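Architecture and fold: a report
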Amino acid sequence: KQWYQRRVRAIFPSPMMYAGPTEVQWHAKARIAAGATYYIVGRDPAGMKHPGHGDDIYEHTHGRKVLTMAPGLGQLTIIPFVVAAYDKTKSQMAFYDSSRHEDFLFISGSKMRALARDGEEPPPGFMAPSAWEIMSSFYKNKAKMQS
């Protein structure tokens, strides 16, 4: 059998509770218990805001750093998530280049949902128009149901 015929690709639905570094380790250890050998680490828990000044409590690489230092995770290969953002110079999504920071627009999930709910359009090239229609329709309807 080819390697791709011997692999299981699956989603492990476990929403983030924004509990910080302890939760990052929990998610990794839960996946080890389920047989995972690779773990893609994103920004979480970077989205947590400080209650006093509103800045992120953790930097975007914090989860990855915690996992490389945590005991019991040596058998897990940590794969860093590469940050993508909207490249204003190319009118499309691209991998973020810190040397061109001013050329990028970061649209969070919260911002994207708000745009969809409010009937606003994202920048051209951000998402396929047909996908945006579906998402926008969903969030507009959801807002109507909640009001």
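As a reminder, the structure under discussion sits directly above these lines.
Right, let's walk through the structure included here. (Residues numbered from 1 in each chain as written. Predicted model: local features only at pLDDT ≥ 70, side-chain atom pairs only at ≥ 80, totals over all residues. Heavy atoms only, no water.)

1. What about the overall build of the protein?
Spelled out, the test is: Comment: elements are numbered from the N terminus, with helices defined as DSSP H or I runs of at least four residues and strands as E runs of at least two. Classification of residues uses two cut-offs on accessible area relative to the type maximum, computed with a 1.4 Å probe and protein chains only: under 20% is buried, over 50% is exposed, and between them is partly exposed.
On a plain count of helices and strands, the protein comes out with four helices and five strands. Each helix and strand of the protein, ordered N terminal to C terminal, gives the series α-β-α-β-β-β-β-α-α. Residues classed as buried in the protein amount to 25% of the 147 residues present.

2. Quick notes on the sheet that holds strand β5 (residues 104-105)
Stated formally: Two strands pair under a simple rule: DSSP has to find at least two bridges between them.
Sheet architecture is open: three strands sit in the order β4-β3-β5, paired in antiparallel fashion. Edge positions in the sheet fall to β4 (92-95) and β5, since each has one partner strand and no second. In the sheet, strand β3 (residues 84-87) pairs with β5 via two bridges, with the strands oriented antiparallel. Residue tyrosine 86 lies in a different strand from β5, and its bridge partner there is leucine 105.

3. Thoughts on the packing of aromatic side chains
Our working rule: The rule is short: rings of Phe, Tyr and Trp, with Trp giving its six-membered ring, pair when the centres are within 6.5 Å, and they are stacked under 30 degrees, edge-to-face over 60, tilted in between.
A full pass over the atoms with the stated rule returns three aromatic pairs. Judged by centre distance (4.9 Å) and plane angle (90°), the ring pair of phenylalanine 138 and tyrosine 139 falls under edge-to-face. On the basis of relative accessibility, which here comes to 48%, the residue phenylalanine 138 falls in the partly exposed class. Feature note: the residues Tyr96, Phe104 and Phe106 constitute an aromatic cluster, connected by ring pairs.

4. Notes on a nonpolar patch on the surface
What counts is decided by this rule: For patch detection, residues must exceed 30% relative accessible area and be free of salt bridges, and they are connected within 9 Å for like charges or within 5 Å for nonpolar side chains (Val, Leu, Ile, Met, Phe, Trp, Tyr). Surface accessibility follows the Shrake-Rupley procedure with a 1.4 Å probe radius. Residue values consider only the protein chains on display as shielding. Counted as salt bridges are all cases of a side-chain nitrogen of Lys or Arg within 4 Å of a carboxyl oxygen of Asp or Glu.
A grouping of Tyr38, Ile40, Ile79 and Phe81 is seen on the molecular surface, where their side chains present a nonpolar patch of about 440 Å² in accessible area. Positionally, tyrosine 38 belongs in strand β1 (residues 38-41).

5. Overview of helix α3 (residues 109-117)
The criterion, for reference: The reported arc concerns the directions from the helix axis to the C-beta atoms and nothing else. Only heavy atoms enter the contact rule, under which two residues are in contact if any of them lie within 4.5 Å.
Three or more residues of α3 are buried, namely Met112, Leu115 and Ala116. The buried side chains of α3 occupy one side of the element, clustering within an arc of 100° when seen end-on. Considering only its buried residues, α3 is in contact with α4 (129-146). Backbone geometry just downstream of α3 places glycine 119 in the positive-phi region, at approximately 75°.

6. Some words on the pairing of β1
Only one face of β1 is buried: it carries Tyr39 and Val41, and the other face, with Tyr38 and Ile40, is open. With four bridges joining them, β1 and strand β2 (residues 77-80) adopt parallel strand pairing. Note on β2: the bridge partner recorded for valine 41 is proline 80.

7. Here we look at the pattern of salt bridges
Under the defined criterion, the tally for this structure stands at three salt bridges. A salt bridge links arginine 100 to aspartate 87, with the shortest nitrogen-to-oxygen separation between them at 2.8 Å. Taken as a pair, arginine 100 in the loop between β4 and β5 and aspartate 87 in strand β3 lie far apart in primary sequence, 13 residues in all. The exposure class of arginine 100 is partly exposed, given its relative accessible area of 23%. In this structure, the salt-bridge partner of aspartate 118 is arginine 117, at a minimum N-O distance of 3.2 Å. You can call aspartate 118 partly exposed: its relative accessible area is 46%. Residue class for arginine 117 comes out partly exposed when judged on its relative accessible area of 41%. Because the salt bridges share partners, they merge into one network encompassing Asp87, Arg100 and Asp103.

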